[in-house]
Each structure stands twice: as structure tokens, then as C-alpha cells.
Amino acid sequence: MSLYTEYLDEIGTRKAQGLHPKPIDDGALVGELIEQIKDTGNAHRADSLEYFIYNTLPGTTSAAGVKAKFLKEIILGEAVVAEITPDFAFELLSHMKGGPSVEVLLDLALGDDAAIAEQAAEVLKTQVFLYDADTARLEAAYKAGNKIALGILESYAKAEFFTKLPEIDEEVKVVTYVAAEGDISTDLLSPGNQAHSRSDRELHGKCMISETAQKEIEALKVKHPEARVMLIAEKGTMGVGSSRMSGVNNVALWTGKQASPYVPFVNIAPVVAGTNGISPIFLTTVDVTGGIGINLKNWVKKVDEDGKPILNNDGNPILEQKYSVETGTVLTINTKEKKLFNEDGSKELVDMAGSFTPQKLEFMKAGGSYAIVFGKRLQTFAAETLGVEPTPVFAPSKIVTNEGQGLTAVEKIFNRNAVGVPAGTVMHAGSDARVTVNIVGSQDTTGLMTSQELEAMAATVISPKVDGAYQSGCHTASVWDLKAQANTPRLMKFMSDFGLITGRDPKGEYHAMTDVIHKVLNDLTVDDWDITIGGDSHTRMSKGVAFGADSGTVALALATGEASMPIPESVKVTFKGKMADYMDFRDVVHATQQQMLQQCGDNVFQGRVIEVHIGTLLADQAFTFTDWTAEMKAKASICISNDETLIGSLELAKHRIGIMIEKGMDNEVGMLQGLIDKADKRIAEIRSGEKPALTPDEDAKYFAEVVVDLDQIVEPMIADPDVNNADVSKRYTHDTIRPVSFYGAEKKVDLGFVGSCMVHKGDMKIVAQMLKNLEKETGKVEFKAPLVVAAPTYNIIDELKEEGDWEILQKYSGFEFDDFMPKTEARTEYENILYLERPGCNLCMGNQEKAAKGDTVLATSTRLFQGRVVADAPEKKGESLLASTPVVVLSAILGRTPSVEEYKHAVEGIDLTKFAPPLAAPATSRSVHF
């Protein structure tokens, strides 16, 4: 059977699903298309032409390579296709975004045929995705006296690839579509259980919101052809959670604009909005695609004569509507005035200055941020090669310097890693900066999109600026089903070839590691001044500063070693009082959110960096705090540690990286060994006093300061989705934090889950010790609800085995994972036993394993969104409550939430996290801050 025949079979299968032919990335298949195109009498010629022109993926795919070569033959007259003239062949090359197409254009531009060379040069002047090999050819030709090369370089130095683009429209008509009321999780736009299809954009688009919503959106487009559909989170924030790029891709697919007529299902420029704005990472992703994100502020708090909010019977502020955005409302965006108006422009509704910064306007004009990033690099190269100053075209980096004001921790890190700003420049929050990225993480349910982005931007190897990069397998670790078998091996091979350390070895020389990506990145970050970018909202390391990002920004960081973003404001969090011995640090994390809301009224963490002064907590425990800041809607978090604690964390990281090397995971360039060397250097700097642990300046300025009173935390805390709240906007947020006594030891628990990135080795030991204690007291432990336990890493399991804890877990387990015989189907029913699951995300991800519909789940995980861990049943809503490990374990044993006394008894004698505020300078500290 030919590849084309197989493709026709696939087309038939997709047609039955209501899908178009899948875009082609296989060069061998394109080769068959070309042979059928050349055969003028071939029955499949017309279709083959259609697929060749409109359905072949660009960039560095093998399909793009074969396509570019054939187009070159047509331009040179070596092949003749009536439907593809040489002019049309040049147009097709201009849409192929680098890699083989740029190589062909350079061949033609630097070739002997003067007329073809001129035409190729005009196309090249519109291209920005050039890499070192491409620019080296141009430079060599220019130095050899080639006038065509000179003309191309002069055009690049003037950035004509940008200046000659059409300006964005002054007025943009939008028609509203309210997707939901309250915070909109990206699970609504790109459900976790459909993660396997994210790289198939058309197929994945079928899962956005609902089929009904999709039909309603299409109807709005028909009714209002002059307007773009604006997706809205009414009375909430748009895009909280993960799955940003797939969520934005889906929104753009249904409401955006096609990026190129020759590339199917790649849409850009969506318009999204929320009463309370857009979640920070989701907004970044909207910017990546040249879209518009709007903070509507269409509901405001009703205030009394003194300006204080008027509260309802539940103690929540009463909201008043300033203007309506109900579905079907036509509004006008004025991009020059940067304001949102009513339909005819007579009434201003809200200021949109934040939506139209100079940088964002550039992204919109260029069709996305990648073209700007690569364009700036290309202009710099050309100007330096010609020995001229680059023409001022792009918005200058925004520099905010406040004389006499100290620096917060994040401001210090950005200043240290800044690129393209004059030496000695001091940048405060609000500055827009290009920075070097030190560590990059790609996870497996977004990794295929990252690989597609890398191919699209014609990148073939990781930037030498990147110290460490890891591709995980944790989000698909639970079930080795057909989808995982199809996607994971090719992802791992691509990323390994690109230069990343991979959780699975494409060569099969080391055991598959499905360790949770955030735990691995927490170890790979070996400098408290580092910047980490990762394809997940929980990329929040306890060393340095880490930003969760969309798959495209991850690709850009891998390819260039850089990222661009404004320096966020910071909120300082300190502690006072004493942590009770029977409390878990997870309770401190929940209490931080609760006390912040009590102290500030609004969520001051949203969109900002939480600078948390933890001091003496090692990296594993401190990560529990930074990890949860994603649920606080923070942009990022930074731990301020004392010197000795940081050294301890770095030594632990070295040990774990060493184990990765022993297992054979290092690559040819010795990336992991390089990280150990870097950690040694940092430890030496701290010990010598040359460069103590990172601290903010005493006179740094914060947006707000929150002081957490540990004395107030007297019982375990639970984050509750509050699924039956009369105000739907209050459901499924992470702001409802309740003490365990609220439930009166009566709330039925159907399933317990200890796992996800929120747990560490100490949590596994807590589970083991609770079982030992109960066994000693009662003779046997019986579960009244299933308990699923998934260790974050294999290292933890190995250590538990050595220390004797794994044995008690095995004793009570009715299921233990087996890597040699992994599950091929997701579990649908649970018994009241302990399940020892493979290291990885498991229930927290919701793409493979789930609780039974309508269950009440008590978990240590991060997500309580509707349908994530547990779906609704017709008669009962599923709810995922979040708590500490000892609360979850005890609840599974009791089949209900415990009383405070039951809890205290169960944890008696167990070594829970010890934490005290860093009040005085330890004698061993070399940091002036402590």
C-alpha cells in the first residue's frame, strides 16, 4: 500500500468524524504527491495539487523540505506545473517560514540567474526565520562582493520585513460571546482529557466548550460578518489553569484569523476578555499569537458613602454592572485611542491602554511575537555585518528606573539576566525586558505542540545559552494507552535530537523516567539568580524565578535562549508566630491565601510575583509554596532562603542530577554534568561570601505586603470548589479556604489522592508512618474509601525502599505499578484499597485517570476545576477538595473528613514539616538579610 493510499484511508476516517484531511508533515508522502502532479493523466492529480499547495506543513518538517526542493525545480524551469507558475512558487516559499525554504531562497538569490536572484531576494527580504547557517551564507556572499546579498542585508538593517507590513486596523468591531460566568479555566477551552489531540488542531478544536457553544459562535459570525467574536469570562478571570497554547489555539480556530492561506488550522489573533482580566500566562499566550486581551471591568463593587464595599449576607461584596457584554452585543475597539466603545463609538466603556502597549501592537502587526523576536535578531545581525546602526523601527525596551529605590528579588534577577539594554541600566517593575533563559522544561501533553512550533520557526538545535532543558513524560505516565504509544516516542526522539534531556530514552538505553516535570526542574535549577521557562503553569521553582508558559514561548526559549516580558510587580510575604507541631506546611500555604484575602480584600497576588521569605525550608518543602502560587493566580514566586539552606538545596540537587547521570540520562554535550559544575560554582560563591543568597534590597518597593500569622493556623485547611454556591462566579475558584471543622466530621469522601507536584518525599513517609501507627494501634488498617498514591519521582521510591517505608505501602496496596507491564487502559472503578501508582501526575492531570463521576475527592493535588479530577454525574456534581497529605490519608481510612481531634491523634509522633519564620540571623549565615 502506498503512503498516498494510506492517506486516503485516513481522510475517509476523518471525514466520518467531520474532519478535513490532516496536514502533511511526511516528506515521503509529499514525494508521492509530486509524482502524481507530474503525471498529467493521473486520476489523483487534482487532489495531489490541492494537498501539496494547501495542506503541507511549513518549517523544518520533512514535508517542507521536499516541497521546497520541488518549488525550486519549478522556478529554475527544471519542472513544469501549469497550476504552479514560478511566481506562485515564490509565493508558496514565502509562506514556509524558514528552514528548507530559506535555504532554497538563498540558493536562488545567490545563484547565477540574475532575474531569479532579484526575485528570490525580494522574497527573502520578507523572511525573518533565519538561523546561523543562513546568516553565515549571507555574510560570506556580502564580503565576497555579492550585490544581491548587500541589498538583502540593507533591507534587514532597516527591518523592512516589519515596516512594509500593513498597519493594524484603527477600529475593530467585536461581537461578544459569554463562554461562562466566573473564572474560566482553560479546561473549558482545552480539556485535559483531550490532551492527546492537541497537536491535531482541527480535531482538538472539537473539544472547545461544547458543540452547542461552537454552533452559537458560528451563528454569531454569520450574523455579524463585519465583527470578530470576543470570548468573555463574565464576572471572572479568563484562562486560569494550564493548557494555555491549546486553549488559545482553539479560541483562535473558532474566532481568529487564518495565519496563511497555505497552512490549514493555524489561526491567530483571537480576542478574549474577562471582567477581572486575563490570567497572566494565558494573556502572554494571547500576545504570542498577536491577539487582544481585555480587562473589561464591567462589574464593580458597590460602595457606601464612606467608599467601603457593601457586603451581601454571605459577606461577599455586592457587584454593580457598569455596562452589558451579554452574548451578541456589538462593541468597537479603537486601537489608536486604546479604548473600548459601544457599537457606534459614542460611549467609552473601558480604557484598554494595557492591551495596546507598543510591544503588543508590534505583535499584532507582525501576526505574533515570534516574528518580532526573530526580526530584532536579524536586524541586529545585518547592522553589525554592514557596520551601521540599525534603523530605529521597533518600540524601544521600556525602561522604568525609580531613583533612590531598591530592587526586589525579581527585579534583581531580571537586571542580572537582561539582554539588549545599556550597561549600568537599572530596571524596576514595569520595565519590558529581554532576558536570558537558563532552564527550560517541556511537558508531554504540550510537548508535541512545542515541537511543532520549533519546526514552524525552523529551529533544529537548542540554544547554547540554555544551561539545562528537560522533556518529561509525567502527564501521560498513568496509562500506556494507544494514544500515548503513538505520541510519546516521537516526542522524545524529537526533543532528544534537539538537545534536551528526555524522560524516555529514544535509544532504549535507560529505564523510562516518568518523574513529575516540576520536581525535576526544581532540581535542575542550580542558581538562585536563574530564570526558568516551562510549559506548565506550575513551573515555579524554589530557586531563582520560574514562569509557566505556553508551548510556543517554550519553543522560543529553547531556540533562542531568551524570553521577553515585563518585569512584574511583587508582593512580599513574611511570617510571624509559631507553627503548631501537628500542622502540615500545606496548611500554611492555604492559610496564606486565606489571610491575604482577609488583609487585602482583593487578590493582590494575581499577575504579580510572590516574594516569600521562607528562609530555612529546603527546596522540596519550599516548592510546596511556590507551586501553589499558580492557584493564587500569581505570575511567579521567589523563595528568599538563607545561605546554609540554599547550599543544602543545591547539594541535594547535585545528588539527584548525579543519579540522572548514573542512569545514563546525560547527553553528548554533558548538559547534566554542566549543571553540577554550575551548582559547585554557586556553592563556592556563597561559602566564600563573594555572592550570598539572593535577597531584596531593604528599600525595595512592593505592591503590597502580607504577613501570615502562624498562630492563627490551628487546624487543617481545605481548598473547596464550593460547587453549590448560589453565585456561580464563586464556584471552582481556589479562594474558598475552610478549616476541617467546617465539615463537622461528616462530609463523605469517595476517594483520596496523594500525589502531583505538590508532594515530596516527606509526604510519602507521612503515608507510611500513618499506616504503621494505625496498624500498631488497631492491628490492621482498613480503608473506607480508595486511596491512590503516586510518588513524584523514582528517586523517592528508591529512597523509600532503602529506608523501609515502601514495604508498609506495598503491604496495604491492592495494586502496585509495574513498568514492565504498564496499564493500557484507564481505571474506571475503584475498590477501598491503596493503589500505588507510577510516578507522574495521575489524577491531577485528568487526561487519563479520573475518579468516578459525581465523586467527592480529597486530594493533595493542585486543581479543583470542574471536570478535571472528577466529572459531574447527572444526580451529583463531582468535587475535588484539596488538603494536606495526612488529612487525605485519614479521610480515605475514615471514608469522611476527620474531626480536629481525630486528625491530631492520627499525626501524633509524625515528623511533619518544621517551619519557623526567619526572625534572627543564624550564626552560620553570610547573608546580611538574615
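Definitions and cut-offs
Throughout, a residue's number is its position along its own chain's written sequence, starting from 1. In view of the model being predicted, local features appear only for residues whose pLDDT reaches at least 70, and side-chain atom pairs are presented and counted only at 80 or more, with totals across whole chains, interfaces and linings using the full set of residues. Water and hydrogen atoms were dropped before computing side-chain values, which therefore reflect all heavy atoms in the structure. Here, strands pair whenever DSSP counts at least two bridges between them. Under the DSSP-based scheme used, a helix requires at least four consecutive residues in state H or I and a strand at least two consecutive residues in state E, with every element numbered from the N terminus. Axis lines are fitted through C-alpha atoms, for helices just across the contact stretch, and the angle between N-to-C directions can take any value from 0 to 180 degrees. Any two residues whose heavy atoms approach within 4.5 Å are treated as being in contact. Centres within 6.5 Å make a pair out of two Phe, Tyr or Trp rings, where for Trp the six-membered ring is used; the pair is then stacked when the planes are under 30 degrees apart, edge-to-face when over 60, and tilted otherwise. The buried label goes to any residue with under 20% of its type's maximum accessible area, the exposed label to any with over 50%, and the partly exposed label to all in between, with areas taken from a 1.4 Å probe on protein chains only. Lysine NZ or arginine CZ positioned within 6 Å of the ring centre and within 35 degrees of the ring normal marks a charge as sitting over the ring. Here roughly perpendicular refers to angles of 65 to 115 degrees, roughly parallel to angles under 35, roughly antiparallel to angles over 145, and oblique to all remaining angles. Definitions for this section: a left-handed crossing has its near helix turned counterclockwise from the far helix by less than a right angle. A right-handed crossing has that turn clockwise. The term polar contact refers here to a pair of N or O atoms within 3.5 Å; inside protein, the definition further demands a hydrogen-donor-capable atom paired with an acceptor-capable atom, and it admits residues adjacent in sequence only when both atoms are side-chain atoms. Asp, Glu, Lys and Arg are counted as charged, while Ala, Val, Leu, Ile, Met, Phe, Trp, Tyr, Cys and Pro are counted as nonpolar; the rest, among them Gly, fall into the polar class. By definition here, a helix of n residues has an expected span of 1.5 Å times n minus one. Side-chain atoms within 4.5 Å link the members of a nonpolar core, which is a set of buried Ala, Val, Leu, Ile, Met, Phe, Trp, Tyr and Cys residues.

Asks: Explain the sheet that holds strand S23 (residues 609–615) residue by residue, including any values.
Replies: Within the open sheet, the four strands sit side by side as S24-S23-S22-S25. Their pairing is parallel. A single partner strand is all that each edge strand has here, and the edge strands are strand S24 (636–641) and strand S25 (704–709). Looking at each pair of strands side by side, their axes are set apart by 25° on average, direction ignored. The pairing of strand S22 (residues 570–576) with S25 spans six bridges and is classified as parallel. Pairing of phenylalanine 575 across the sheet is with valine 708, part of S25. This element, helix H23 (residues 585–600), spans S22, S23 and S25 of the sheet and lies at about 130° to S25.

Asks: Residue-level account of the packing of aromatic side chains, with values.
Replies: Summed over the entire model, instances satisfying the criterion amount to 16 aromatic pairs. Centre to centre, the rings of phenylalanine 575 and phenylalanine 915 are 5.0 Å apart; their planes meet at 85°, and the pair counts as edge-to-face. You can see phenylalanine 575 sitting in strand S22 and its partner phenylalanine 915 sitting in the segment after helix H31 (900–907), a full 340 residues away along the chain. Accessibility expressed as a relative area gives 6% for phenylalanine 575, which makes it buried. Cation over ring: lysine 235 sits above tryptophan 299, and NZ or CZ is 4.3 Å from the ring centre. The ring of phenylalanine 815 has arginine 827 sitting right over it, with the charged end atom 4.8 Å from the ring centre.

Asks: Quick one: what's the story with the sheet that holds strand S19 (residues 531–534), residue by residue and with numbers?
Replies: Strand order in the open sheet made by the five strands is S18-S17-S16-S19-S20, with parallel pairing throughout. Strand pairing shows two members of the sheet lacking a second neighbour, strand S18 (501–502) and strand S20 (545–548), which therefore form its edges. When strand S16 (residues 439–442) meets S19, the two strands line up parallel, connected through three bridges. By the bridge assignment, valine 440 is partnered in S19 with isoleucine 533. This element, helix H26 (residues 671–688), spans S16, strand S17 (468–471) and S18 of the sheet and lies at about 135° to S17.

Asks: Just give me the short version of the packing of helix H7 (residues 114–124) against helix H9 (residues 147–157), but keep the residues and values in it.
Replies: Look at H7 against H9: their axes get within 10 Å of each other, and the N-to-C directions meet at 20°. Here H7 is positioned roughly parallel relative to H9, judged by the angle of their axes. For the crossing formed where H7 meets H9, the hand is right-handed. In this structure, H7 uses Ala117, Glu118, Ala121 and Leu124 to contact H9, whose residues at the interface are Ile148, Ile152 and Tyr156.

Asks: Explain the side chain of asparagine 415 to me, and be specific about the residues and the numbers.
Replies: Note on placement: asparagine 415 falls in helix H18 (residues 409–417). Here glutamate 411 takes part through its backbone oxygen, which lies 2.6 Å from a polar atom of the side chain of asparagine 415. Once residues lying within four places of it in the same chain are set aside, the contact partners of asparagine 415 are Leu407, Thr425, Val426 and Met427.

Asks: Go over the packing of helix H2 (residues 27–38) against helix H4 (residues 62–75) with me, naming the residues and quoting the values.
Replies: Put simply, H2 and H4 touch, their axes get as near as 7 Å, and they point 30° apart. Looking at the two axes, H2 sits roughly parallel to H4. Residues Gly27, Val30, Gly31, Ile34 and Lys38 of H2 form the contact with H4, whose participating residues are Ser62, Ala63, Val66, Lys67, Phe70 and Glu73. Split by residue class, the contact of H2 with H4 holds five nonpolar, three polar and three charged.

Asks: Give a description of the environment of threonine 885 that names residues and reports values.
Replies: The residue threonine 885 is located in helix H30 (residues 885–894) in this model. Once the C-alpha coordinates of threonine 885 and glycine 762 are considered, the two residues, 123 residues apart in sequence, prove to be 9.6 Å apart. Ignoring any residue separated from it by four or fewer positions in sequence, one finds threonine 885 in contact with Val754, Val759, Asp763, Ile766, Val767 and Thr860.

Asks: A description of helix H27 (residues 761–778) should follow, citing residues and the corresponding values.
Replies: Residues lying three or four places apart along an α-helix face the same way, a consequence of the helix completing one turn every 3.6 residues. Relative to the 26 Å expected for 18 residues at 1.5 Å per residue, H27 spans 26 Å between its end C-alpha atoms, a close match to the ideal helical length. Three or more residues of H27 are buried, namely Lys761, Asp763, Met764, Ile766, Val767, Ala768, Met770, Leu771 and Leu774. With its phi angle positive at about 90°, glycine 779 sits one or two positions after the end of H27.

Asks: Tell me about the environment of threonine 514, residues and numbers included.
Replies: Of note, threonine 514 is situated in the loop between S18 and helix H21 (517–524). Between the C-alpha atom of threonine 514 and that of phenylalanine 820, which follows or precedes it by 306 residues, the distance is 13 Å. Ignoring any residue separated from it by four or fewer positions in sequence, one finds threonine 514 in contact with Gly473, Cys474, Ala477, Arg504, Tyr794, Arg838, Pro839 and Gly840. A polar contact of 3.5 Å, which involves the side chain of threonine 514, links it to the side chain of tyrosine 794. A polar contact of 2.6 Å, which involves the side chain of threonine 514, links it to the backbone oxygen of proline 839.

Asks: Please provide a residue-by-residue account of unusual backbone geometry, values included.
Replies: The backbone phi angle of alanine 159 is positive, close to 55°, even though this residue is not glycine. Among the structural elements, alanine 159 can be located in the loop between H9 and helix H10 (160–163). Unlike most non-glycine residues, lysine 297 shows phi in positive territory, near 50°. Position of lysine 297 relative to the elements: it lies in the loop between strand S8 (292–295) and strand S9 (299–301).

Asks: How would you summarise the side chain of threonine 793 if you had to cite specific residues and measurements?
Replies: Looking at the element boundaries, threonine 793 is found in the loop between strand S29 (787–790) and helix H28 (794–803). In this structure threonine 793 touches Asp515, Lys519 and Pro839, once residues within four positions along its chain are discounted.

Asks: Quick rundown of the nonpolar core? Include the residues and the values.
Replies: With 190 residues, the main nonpolar core has Ile84, Met457, Tyr470 and Leu524 as its most contacted residues. Sorting elements by how many residues they give to this core places helix H17 (residues 369–386) first, with nine residues. Each residue touching leucine 524, except ones within four places of it in the same chain, is listed here: Ile439, Tyr470, Ile657, Met660, Leu672 and Leu675. Listed in part, the 50 residues of the second largest apolar core include Val571, Met596, Ile737 and Val870.

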